[in-house]
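Below are the chains, spelled out letter by letter.
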Amino acid sequence: MKLDRKEILKALETLSIAGEGKNMVESGAVTNVVTFGEEAIVDLTISTPAMHIKKRAEEDIRKLIQEKFNPDAKVKVNIKVETPEKPTEIKGKAIPGIKNIIAVASGKGGVGKSTTTANLAVTLAKMGFNVGVLDADIYGPSMPIMFDVESEKPISVNVDGKSKMKPIESYEVKILSIGFFTAPSQAVIWRGPMASKALNQMIFDADWGELDFMLIDLPPGTGDIHLSIVQSLPITGAVIVSTPQAVALADAKKGVAMFQSDSINVPVLGIIENMAYFTPEELPENKYYIFGKEGAKNLAADLNVPFLGEVPIVQSIREAGDYGRPAALQTASPLEKVYEEIARNVVQETVNRNENLPPSEAVKITTMAGCSAVKK
Ligand SMILES: Nc1ncnc2c1ncn2[C@@H]1O[C@H](COP(=O)(O)OP(=O)(O)OP(=O)(O)O)[C@@H](O)[C@H]1O
Ligand SMILES: [Mg+2]
C-alpha cells in the first residue's frame, strides 16, 4: 500500500522525543516527511546527541509507520543533531574553580527571577558550559521544584581530606538550595549574617567541581539581607529581571542602584524583560502588552546598562516551572530560541566585563552587617 505523507505527519503527532513534553511534530523536531510508494523518509532535528535517544526516536517512527500503514514499509529516519554552539571559551576567576558568579535579582517579587535563573542555567549548560545554581532565596526557595529535585538531600563527600557538600544534579546543572536543608512547611527566619554564612558555606564548602558560571537566584528586594548576601560573595556581575510594569521598573531601578553603589560595586551585566507580552496560541500575530510595552528595555537605555532580551508570557513557562523541567529544554521551540538569545547576551556581557574590569571582591564585614563594610 502506498504511504501518504499527510497521514504520516498526523500519526507522528502521537510520538515525542524521550524526555520532551510536546509531540515531535508540534515541537518542530520533525522537519520534513517525504514518501515514494512504500518508502518514507523522515527528517528529524534534535538537540541532544545522546545515542539512545536517537535510536529510540528512529525505532518509534519505524514501528509506528509499519504498524499503522504498511508492515512492509521501508522507513528511513535522518537525524540531525543541532546543539546550540558554544559561543566562546569563557574566562573569569571569581573564586578558585568557579569562573563567574552571576546574581539574578529584581527588586520586586514575583517578576520571574527564579524562572529566568532556571531557564538560563539549562540553556548555558546546553551550550556546553559547566553551570551551577545557588538558590539564595531564604524566604521561598524555588530551585528544588523548578528542577524536580524536591526530595533530594545533598550528601557529604570527602575532597582532599575535607568534608564537602555534593550539589544535586538535574538537567546537567549542579544545584544547591537552602530548600534542601529545611522542611517545605518550615518558615525560615534568617538575619543577614546568618544567611550570608549559610550561602558562603554552600559556595566554599561544596564540591562544585569546575564551573564556568554559577547563577545565584536571590530573594526579592534590596534590603539589609540582600546587602549582606551580595557583599559577602565575589559576584562577577548582576542580571536584573523586571516586568515592563511601572511598579516593577521602580524596584528594578533600586536593584541596579544597589549593585552599583560604592559599598557593593558589582557591575550590572544587564536587564531582562520578563512577561514582556502575551500572544494567544490561536492568534500568533497578536501581541498584548499586558504590563506595558518595552518598559524594561527603556529602563536599560535610561540607566545605560545592556538590554539582554525579552521573554513573553507563555503558559508553558509557568507549567514547566511547576512541573520541574525548565521550558528552555523544549527542543526546537520558540522558547528555546528566546532563552538562547538571552544566554548568548549574558555570555557576551560577562566576556566584556572580564575584559574591562578587575575581578569583584567580597566585602569583609567588619562590624554588624549593613552598618560598616570595607573592601578586603
Ligand atoms: N514568562 C513567563 N510566562 C508565564 N509565567 C511566568 C513567566 N515568568 C514567570 N512566570 C510564572 O510567574 C510566577 C513567578 O515567577 P518566579 O517564581 O520565577 O518569580 P520570582 O521573581 O522568582 O518570585 P520571588 O520574588 O517570589 O522569588 C511563577 O508561577 C512562574 O511560573
Ligand atoms: Mg524566586
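Just so it is clear, the model here is predicted, and its values are computed rather than measured.

What about the domain arrangement of the protein chain?
Reasoning step 1: Each domain of the protein chain was delimited in the assignment, giving domain 1 (5-81) and domain 2 (98-356).
Reasoning step 2: Between the C-alpha centres of domain 1 and domain 2 there is a distance of 36 Å.
Reasoning step 3: Contacts between the two partners involve 8 residues from domain 1 and, on the opposite side, 7 residues from domain 2.
Reasoning step 4: When residues of domain 1 are sorted by the area they lose upon contact with domain 2, Glu-20, Ser-27 and Ser-47 head the list and together hold 55% of the total.
Reasoning step 5: At the junction of domain 1 with domain 2, the criterion picks out 0 salt bridges.
Reasoning step 6: In terms of residue class, the side of domain 1 that touches domain 2 is made up of 1 nonpolar, 5 polar and 2 charged.

With respect to the site of ligand 1
Reasoning step 1: The environment of ligand 1 is made up of 18 residues, and the closest members are Gly-110, Lys-113, Ser-114, Thr-115 and Pro-312.
Reasoning step 2: Within the side chain of Asn-274, an N or O atom sits 2.9 Å from a nitrogen atom of ligand 1.
Reasoning step 3: Surface burial for ligand 1 is 80%, taken as the share of its 630 Å² of free accessible area covered by protein chains.
Reasoning step 4: Among the secondary structure elements, those contributing two or more residues to the shell around ligand 1 are helix 3 (113-126), strand 12 (268-278), strand 13 (307-313) and helix 9 (315-323).
Reasoning step 5: Taken together, the residues of the shell around ligand 1 break down into 9 nonpolar, 6 polar and 3 charged.

Regarding the pattern of salt bridges
Reasoning step 1: For the structure on display, the rule yields 8 salt bridges.
Reasoning step 2: Arg-56 is the salt-bridge partner of Asp-60, the closest N and O atoms lying 3.7 Å from each other. Placement of both Asp-60 and Arg-56 in helix 2 (residues 51-68) is noted, with a separation of 4 residues, approximately one turn of the helix.
Reasoning step 3: Under the relative-accessibility criterion, Arg-56 is labelled partly exposed at 47%.
Reasoning step 4: Note that Glu-336 is salt-bridged to Lys-337, the shortest N-O span being 3.8 Å.
Reasoning step 5: Within this structure, Lys-126, Glu-336 and Lys-337 form a network of salt bridges that share partners.

Quick notes on the rules
Residue positions within a chain follow its written sequence, with the count starting from 1. All chains are assigned letters beginning at A, and all ligands numbers beginning at 1, according to the order in which they are written. Predicted model: local features are reported for residues with pLDDT of at least 70 only, side-chain atom pairs are reported and counted for 80 or more only, and whole-chain, interface and lining totals are derived from all residues. Side-chain metrics rest on all non-hydrogen atoms present in the structure, leaving aside hydrogens and water. Throughout the structure description, domain borders are defined by an automatic or database domain assignment. A contact between two residues is defined here by any heavy atoms of the two lying within 4.5 Å. Buried area: the sum, over both parts, of the accessible surface (1.4 Å probe) that disappears when the two are put together. Throughout this description, the term salt bridge denotes a Lys or Arg side-chain nitrogen within 4 Å of a carboxyl oxygen of Asp or Glu. Residues were grouped as follows: Ala, Val, Leu, Ile, Met, Phe, Trp, Tyr, Cys and Pro as nonpolar; Asp, Glu, Lys and Arg as charged; and all remaining residues, including Gly, as polar. The cutoff for a nearby residue is simple: one of its non-hydrogen atoms must lie within 4 Å of the molecule or strand. Nitrogen and oxygen atoms within 3.5 Å of one another constitute a polar contact, given that in protein one can donate a hydrogen and the other can accept it, and given that sequence-neighbouring residues count only through two side-chain atoms. Accessible surface area values rest on a Shrake-Rupley calculation with a 1.4 Å probe, where residue burial reflects the displayed protein chains alone. Secondary structure counts use DSSP, requiring at least four H or I residues in a row for a helix and at least two E residues in a row for a strand, with both numbered from the N terminus. Under the scheme applied here, a residue whose accessible area is under 20% of the maximum for its type counts as buried, over 50% as exposed, and between as partly exposed, the area being computed with a 1.4 Å probe on protein chains only.

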